Amino acid sequence: MLDLTLLVIASAIGTYVWRGLGVLLSGRIRVNSELFNWVACVAYAMVAGLISRILLIPSGMLVQTLLIERLGACVLALIAYYVSRRNLLVGVGVGVAAIMVMSVIRGR
Amino acid sequence: MGMRDALGAPAAVLAAGMLGFGALAFESGLNLVLAVACTAGIWALPGQIVLIEMHAAGAPGPLTVLAVMLTGVRFLPMSISLMPVIRDPKKPRAPMYAAAQLLAMTSWAWTMRRCMDMPREARLSYFIGFAGTCWAICLPATLMGYYLAGSFPPLMRLGFLFLNPVYFVVLLIGEARTRLAASALVCGAIAGPLLYLVNPQWSVVSGGLVGGTAAYLIQRQLGRRDA
């Protein structure tokens, strides 16, 4: 548990580094450089990769659901999001409700 | 005024994400204090999820911190572009370092949009009001998610665990504004699971590097051809 505590503290400091560095550098360097573009790509890809891994190869309780249910719920969530004129809460709500309803139907 | 703006959809959406994070932390065996400390200290949902997932996968500590840091790189350009907007040049820079901890994607986007037609003196307090409210609401939200995950029937827990993945699917796909961001999403979504099959512990970092670099190079090639 001590290891985990250290991990949380180090992660918090590591994340703050970027916020603090921004204060230090503001007004001194350009934001739209090629390096930033690449870094932004890596950050996006990392989060996208993690989320798609959780959906395709889940761990924990999500193992009990079928792949088609998880993907179907995401599609429904996106449809709800666009239909509600980009309301994130509606989209997420529909997605969560969908996975629950589908697993109830399958369970019967 | 910042507070009033936050207390609507922005705080509700963030709180929902943190509710999901609390549930994930519970399922992964984190204790409550650490779960709330993650929200307060890291204050970035992707980084928090990466921390939990990599810890669960048994990844080495330094690699986990590196991955969390990589997900937080986005704060650098955000912080650099936000500071000239909210900082009063006549006042010292030092307090800005404290304010920077509150910076997150939502508060950045709102402050950048709303502060442009505000007098300079009002901007910092707007940002602190907005970002501070979001932060303060997410702490009890994490705690609630943690408790609800433990006491709710399995079906509800399943819903809570699904909250974060679906939240990011909608957020990432719905808010991908540039072609560069969109191609990074596609490349990352393909590279992540594939590299997970190769090595679960390294997959978050390697998937990001491979997928992100591929997306960057593809877009550069396309850009050249257009020009």
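Numbering of residues starts from 1 in each chain and follows the order in which that chain's sequence is written. The lettering of chains begins at A and the numbering of ligands begins at 1, in the order of writing. This being a predicted model, a pLDDT of at least 70 is required before a residue's local features are given, and a value of 80 or more before pairs of side-chain atoms are given or counted; all residues contribute to the totals for chains, interfaces and linings. Hydrogen atoms and water are omitted, and side-chain values are computed over all heavy atoms in the structure.

A word on the overall build of chain B
Turning to step 1, where the next piece is worked out: Along its length, chain B carries 12 helices and 0 strands.
Turning to step 2, where the next piece is worked out: Written out in order from the N terminus, the α and β elements of chain B read α-α-α-α-α-α-α-α-α-α-α-α.
Turning to step 3, where the next piece is worked out: Two things to know: the radius of gyration comes from C-alpha atoms, and the globule rule equals 2.2 Å times the number of residues to the power 0.38. For 227 residues, the compact-globule estimate of 2.2 N^0.38 gives 17 Å, and chain B sits close to it at 19 Å.
Turning to step 4, where the next piece is worked out: Buried means the residue's accessible area, taken with a 1.4 Å probe over protein chains only, is under 20% of the maximum for its type, while exposed means over 50%, and partly exposed covers the values in between. Scored against the burial criterion, the 227 residues of chain B give a buried share of 55%. Helix and strand assignments come from DSSP, with helices taken as H or I runs of at least 4 residues and strands as E runs of at least 2, each series counted from the N terminus.

As for the nonpolar core
Turning to step 1, where the next piece is worked out: Buried Ala, Val, Leu, Ile, Met, Phe, Trp, Tyr and Cys residues that are joined via side-chain atoms within 4.5 Å together make up what is termed a nonpolar core. Counting 100 residues, the largest nonpolar core has B:Leu30, B:Phe127, B:Phe162, B:Tyr167 and B:Phe168 as its most contacted members.
Turning to step 2, where the next piece is worked out: If one sorts the elements of this core by residue count, helix H10 (residues 154-175) of chain B sits on top with 12 residues.
Turning to step 3, where the next piece is worked out: Domain ranges listed in this record stem from an automatic or a database domain assignment. Residues from two domains meet in this core; each of domain 1 (2-163) and domain 2 (176-227) of chain B gives at least three.
Turning to step 4, where the next piece is worked out: We call two residues in contact whenever any of their non-hydrogen atoms come within 4.5 Å of each other. Setting aside residues no more than four positions away along its own chain, B:Phe162 makes contact with A:Leu55, A:Leu62, A:Arg70, A:Ala73, A:Cys74, A:Gly95, A:Val96 and A:Ile99.
Turning to step 5, where the next piece is worked out: Counting residues in each nonpolar core, the second largest holds 5 residues, with A:Cys41, B:Ala184, B:Cys187 and B:Ala215 among its members.

A closer look at the packing of aromatic side chains
Residues and elements named next belong to chain B.
Turning to step 1, where the next piece is worked out: Two rings belonging to Phe, Tyr or Trp (six-membered ring only in the last case) form a pair when the distance between their centres is within 6.5 Å. Interplanar angles under 30 degrees mark stacking, angles over 60 mark edge-to-face geometry, and anything in between is tilted. Here the structure, examined in full by the defined rule, presents 7 aromatic pairs over all chains.
Turning to step 2, where the next piece is worked out: On the basis of an interplanar angle of 90 degrees and a centroid distance of 5.4 Å, the ring pair of Phe26 and Tyr146 is categorised as edge-to-face. Separated by 120 residues along the polypeptide, Phe26 in helix H2 (residues 9-27) and Tyr146 in helix H9 (residues 120-151) bring together distant segments of the chain.
Turning to step 3, where the next piece is worked out: Overall, Phe26 belongs to the partly exposed group, its relative accessible area being 29%.
Turning to step 4, where the next piece is worked out: Connected via pairs of aromatic rings, a cluster forms that spans Phe26, Tyr146 and Tyr147.

Some words on H2(B)
Along an α-helix, residues three or four apart share an orientation, since each turn contains 3.6 residues.
Residues and elements named next belong to chain B.
Turning to step 1, where the next piece is worked out: Expected helix span is given by 1.5 Å per residue-to-residue step, counting one fewer step than there are residues. For H2, spanning 19 residues, the distance from its first C-alpha to its last is 27 Å, which sits close to the expected 27 Å at 1.5 Å a residue.
Turning to step 2, where the next piece is worked out: Burial analysis of H2 places 15 of its 19 residues in the buried class, the great majority of the element.
Turning to step 3, where the next piece is worked out: Count one or two residues on from H2 and you reach Gly29, which has phi positive near 80 degrees.

Re the domain arrangement of chain B
When the parts come together, some accessible area is lost, and that loss is often what is quoted as the size of the interface.
All names here are of chain B.
Turning to step 1, where the next piece is worked out: Annotation of chain B at the domain level lists domain 1 (2-163) and domain 2 (176-227).
Turning to step 2, where the next piece is worked out: If you average the C-alpha positions of domain 1 and of domain 2, the two centres end up 25 Å apart.
Turning to step 3, where the next piece is worked out: In this assembly, 9 residues from domain 1 lie in contact with 4 residues from domain 2.
Turning to step 4, where the next piece is worked out: Nitrogen and oxygen atoms within 3.5 Å of one another constitute a polar contact, given that in protein one can donate a hydrogen and the other can accept it, and given that sequence-neighbouring residues count only through two side-chain atoms. There are 1 residue pair in polar contact (both at pLDDT 80 or more) connecting domain 1 and domain 2.
Turning to step 5, where the next piece is worked out: Put simply, the parts of the chain that give the side of domain 1 that touches domain 2 at least two residues each are helix H4 (45-56) and helix H5 (61-71).
Turning to step 6, where the next piece is worked out: Here the element with the most residues in the side of domain 1 that touches domain 2 is H5; it accounts for 4 residues.

What to know about the pattern of salt bridges
Any two side chains of opposite charge can pair, on the condition that their charged atoms come close.
All names here are of chain B.
Turning to step 1, where the next piece is worked out: Take a side-chain nitrogen of Lys or Arg and a carboxyl oxygen of Asp or Glu: if they are within 4 Å of each other, that pair is a salt bridge. As enumerated under the stated definition, the model contains 7 salt bridges over all chains in all.
Turning to step 2, where the next piece is worked out: Here Lys91 ties to Asp88 by a salt bridge, and the two come within 3.8 Å at their closest N and O atoms.
Turning to step 3, where the next piece is worked out: Classification of Asp88 by relative accessible area gives buried; the value is 12%.
Turning to step 4, where the next piece is worked out: The network of salt bridges with shared partners includes Asp88, Lys90 and Lys91.

Here's the deal with the interface of chain A and chain B
Turning to step 1, where the next piece is worked out: Contacts between the two partners involve 67 residues from chain A, matched on the other side by 86 residues from chain B.
Turning to step 2, where the next piece is worked out: Throughout, the accessible surface (probe 1.4 Å) given up by two parts as they are put together, summed over both, is called the buried area. Both sides of the chain A and chain B interface together cover about 6900 Å² of buried area, and 80% of this is carbon and sulfur.
Turning to step 3, where the next piece is worked out: Contact with chain B buries surface across chain A, with A:Trp18, A:Arg19 and A:Met46 losing the most and accounting together for 12% of the total.
Turning to step 4, where the next piece is worked out: Between the two partners, chain A and chain B, sit 2 salt bridges.
Turning to step 5, where the next piece is worked out: Across the pair A:Glu34 and B:Arg220 runs a salt bridge, and its minimum N-O distance is 3.9 Å.
Turning to step 6, where the next piece is worked out: Inspection of the chain A/chain B interface yields 14 residue pairs in polar contact (both at pLDDT 80 or more).
Turning to step 7, where the next piece is worked out: Only helix H1 (2-25), helix H2 (34-56), helix H3 (67-83) and helix H4 (88-107) of chain A provide two or more residues apiece to the side of chain A that touches chain B.
Turning to step 8, where the next piece is worked out: Examining the composition of the side of chain A that touches chain B, we find that 21 residues originate from one element, H2(A), more than from any other.
Turning to step 9, where the next piece is worked out: Across the side of chain A that touches chain B, the residue classes tally to 47 nonpolar, 14 polar and 6 charged. The classification used treats Ala, Val, Leu, Ile, Met, Phe, Trp, Tyr, Cys and Pro as nonpolar, Asp, Glu, Lys and Arg as charged, and all other residues, Gly among them, as polar.

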